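Structural overview
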Amino acid sequence: MAQVVRFDRYGDVDVLDVVEAPDPVAGPGQVVVQVVAAGINPGEGKIRSGLLHEVFPATFPSGQGSDLAGRVVGIGEGVSGVAVGDEVLGFTNERASHATHVVVPVEQVAPKPAGLSWDVAGSLFVAGTTAFAAVRSVRPEAGDTIVVSGAAGGVGSLVVQLLRARDVTVIGIAGTGNHEWLRSLGVTPVTYGDGLADRIRATAPDGVDAFIDLYGPDYVELAIELGVQPDRIDTIADFAAVAKYGVKAEGNGAADTIDVVSELADQVVAGKLEVPVAAVYPLADVRAAFTELEHGHTHGKIVLHP
Ligand SMILES: NC(=O)c1ccc[n+]([C@@H]2O[C@H](COP(=O)([O-])OP(=O)(O)OC[C@H]3O[C@@H](n4cnc5c(N)ncnc54)[C@H](OP(=O)(O)O)[C@@H]3O)[C@@H](O)[C@H]2O)c1
């Protein structure tokens, strides 16, 4: 039997259980992956709590999880180019990767590079594709000054590095505990809270060219106040501001392909991208993993080991 995370109603982490389910079987064009590492993401907690019911309703019983890395243990009809035993990374769109086994279409997995850790491989999909899309959306050019809110979180830690790789001057909004890490990447950290606009102006006296908001309330307004053009503001967390100000909302859905995941994996192996792993939990401790994530101050990724 497989072990899978399930919840039967909206609620806090207490509704999460790990239950037994029949071993999944690969249908045509699918593979079964025995999951070694699966990242967790704030959106999963928002779906579980019911916060996203209008846009992403849950049907019960619900599983959860998109990110995954593991070993192929089953192959469906018509699958070629992948063999039992292969180490892969990828994603499911079925809210199902927080489990010992998951069935995925073969085009949603790619070989895990040998030099890539399981924890990073299993964390790259949501955060990586979101970071990729957010960076692309603001059209960064060398010499630009770009502000990033939530700069050291799961998505932010990748966004700031992708921007630095394009010779952008990056101002990262983060708690003081993350400032040293941001500085080590050549990012100028500023602390959130009262007086933030003045701190950014003092840090960027020639102005701000673009703004990537990875946190939500008030940051799009701040970007407008700083004089950034709406088509160079991207938010992945404040959708009301999109309608109000005509800013962009390009995130995971704008780049959710295996090619993007593989490209990011290659950058990690080449030493061009670091994915900080904040914590690792066994699947049985899924409630504790989400409790930590939902404190809202994770640096990098939290990973489940099914
Ligand atoms: N639309 C999409 O496609 C999409 C995709 C992925 C994620 N998201 C959303 O994007 C957000 C970020 O996701 P994530 O995975 O990066 O989350 P995360 O790993 O939990 O990181 C959250 C970060 O927010 C920072 N933070 C806390 N209080 C802050 C404040 N007042 N101002 C600025 N930053 C603050 C924390 O930094 P400190 O530790 O420095 O306080 C932490 O690093 C979530 O709301 C998530 O649901 C959307």
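Refer to the structure presented above.
Residues numbered from 1 in each chain as written. Predicted model: local features only at pLDDT ≥ 70, side-chain atom pairs only at ≥ 80, totals over all residues. Heavy atoms only, no water.

Core analysis: the biggest nonpolar cluster contains 49 residues, and Leu 89, Leu 124, Val 148, Val 159, Leu 163 and Ile 212 have the highest contact counts within it. In terms of nonpolar packing, the next biggest core, distinct from the first, is built from 19 residues, Val 190, Tyr 219, Val 220 and Ala 223 among them. (Core = buried A, V, L, I, M, F, W, Y, C linked by side-chain atoms within 4.5 Å. Buried < 20%, exposed > 50% of the residue type's maximum accessible area, 1.4 Å probe, protein only.)

A few words now on the sheet that holds strand E9 (residues 169-173). Here we have 5 strands laid out as an open sheet, ordered E10-E9-E8-E11-E12, and parallel in their pairing. Only two strands of the sheet have a single neighbouring strand rather than two, namely strand E10 (188-190) and strand E12 (233-235). Strand-to-strand, the axes of this sheet are offset by a mean angle of 15°, without reference to chain direction. Where E9 and E10 come together, 3 bridges link them in parallel fashion. Considered in E10, the bridge of Ile 173 is made with Val 190. Contacts between helix H6 (residues 196-203) and the sheet are confined to strand E8 (145-149), E9 and E10, with E10 contributing the most and set at about 160° to the helix. (Pairing = 2+ DSSP bridges. Helix = DSSP H or I, 4+ residues; strand = E, 2+ residues; numbered from the N terminus. Axes fitted to C-alpha atoms, helices over the stretch in contact; angles between N-to-C directions. Contact = heavy atoms within 4.5 Å.)

Before going further, it helps to examine the packing of aromatic side chains. Scanning the model with the defined rule gives 5 aromatic pairs in all. With a centroid separation of 5.1 Å and an interplanar angle of 80°, the aromatic rings of Tyr 10 and Phe 60 are classed as edge-to-face. Here Tyr 10, found in the loop between strand E1 (2-6) and strand E2 (17-21), pairs with Phe 60, found in the loop between helix H1 (42-49) and strand E4 (67-75); they are 50 residues apart in sequence, far enough to count as distant. The ring centre of Trp 118 lies 4.6 Å from the NZ or CZ of Lys 112, which sits over that ring. (Phe/Tyr/Trp six-rings, centres within 6.5 Å; stacked < 30°, edge-to-face > 60°. Lys NZ or Arg CZ within 6 Å of the ring centre and 35° of its normal.)

Let's shift gears to the site of the ligand. Around the ligand, 26 residues are found, and the nearest of them are Lys 46, Gly 175, Tyr 192, Tyr 219 and His 297. Interatomic distance of 3.0 Å between a backbone N/O atom of Thr 298 and an oxygen atom of the ligand. Alone, the ligand offers 930 Å² of accessible surface; in the complex the protein occludes 87% of this. If you list the elements that add at least two residues to the shell around the ligand, you get H1 and helix H3 (124-137). (Near = heavy atom within 4 Å. Polar contact = N/O pair within 3.5 Å; in protein donor to acceptor, adjacent residues only side chain to side chain. Areas by Shrake-Rupley, 256 points an atom, 1.4 Å probe, with all protein chains shown as cover.)

Further remarks concern the packing of H3 against helix H4 (residues 156-164). Between H3 and H4, whose axes approach to 9 Å, the crossing angle comes to 45°. It follows from the interaxial angle that H3 and H4 lie oblique. The element H3 and its partner H4 pack so that their crossing is right-handed. Only Leu 158, Val 159, Leu 162 and Leu 163 of H4 make contact with H3, whose side of the interface consists of Ala 127, Gly 128, Ala 131, Phe 132 and Val 135. For the contact of H3 with H4, the residue count by class is 8 nonpolar, 1 polar and no charged. (Parallel < 35°, antiparallel > 145°, perpendicular 65-115°, else oblique. Left-handed = near helix turned anticlockwise from the far one by under 90°. Nonpolar A, V, L, I, M, F, W, Y, C, P; charged D, E, K, R; others polar.)

Next up on the list: the pairing of strand E11 (residues 210-213). By the alternation rule, side chains of E11 split into Ala 210 and Ile 212 and Phe 211 and Asp 213, which are all buried. Looking at chain direction, E8 and E11 are connected through 4 bridges and run parallel. Bridge pairing in E11 places Val 148 opposite Ile 212. Bridge count for E11 against E12 is 3 bridges, and the pairing is parallel. Residue pairing across strands places Asp 213 opposite Thr 235, the latter belonging to E12. After leaving E11, the chain enters helix H7 (residues 219-225) and then returns to the sheet as E12, a path that is right-handed. (Right-handed = clockwise from strand over helix to strand, strands pointing away.)

Bringing the pairing of strand E6 (residues 101-105) into the picture now. For a regular strand, the rule is simple: side chains alternate between the two faces of the sheet. Here E6 lies mainly inside the structure; 4 of its 5 residues are buried. Bridging between strand E3 (residues 30-39) and E6 involves 5 bridges; their strand directions are antiparallel. Within the sheet, the bridge partner assigned to Val 33 lies in E6 and is Val 102.

Within the structure shown, the criterion is met by 8 salt bridges. Between Arg 287 and Asp 17 there is a salt bridge, and its shortest N-O distance comes to 3.0 Å. Here Arg 287, found in helix H10 (residues 286-293), pairs with Asp 17, found in strand E2; they are 270 residues apart in sequence, far enough to count as distant. Take Asp 17: its relative accessible area is 35%, and that puts it in the partly exposed class. Salt-bridge contacts for Glu 294 lead to Arg 48; the nearest nitrogen and oxygen are separated by 2.9 Å. Of this pair, Glu 294 sits in the loop between H10 and strand E14 (301-305) while Arg 48 sits in helix H1, placing them 246 residues apart in sequence. Connected via shared salt-bridge partners are Arg 71, Glu 87 and Lys 112. (Salt bridge = Lys/Arg side-chain N within 4 Å of Asp/Glu carboxyl O.)

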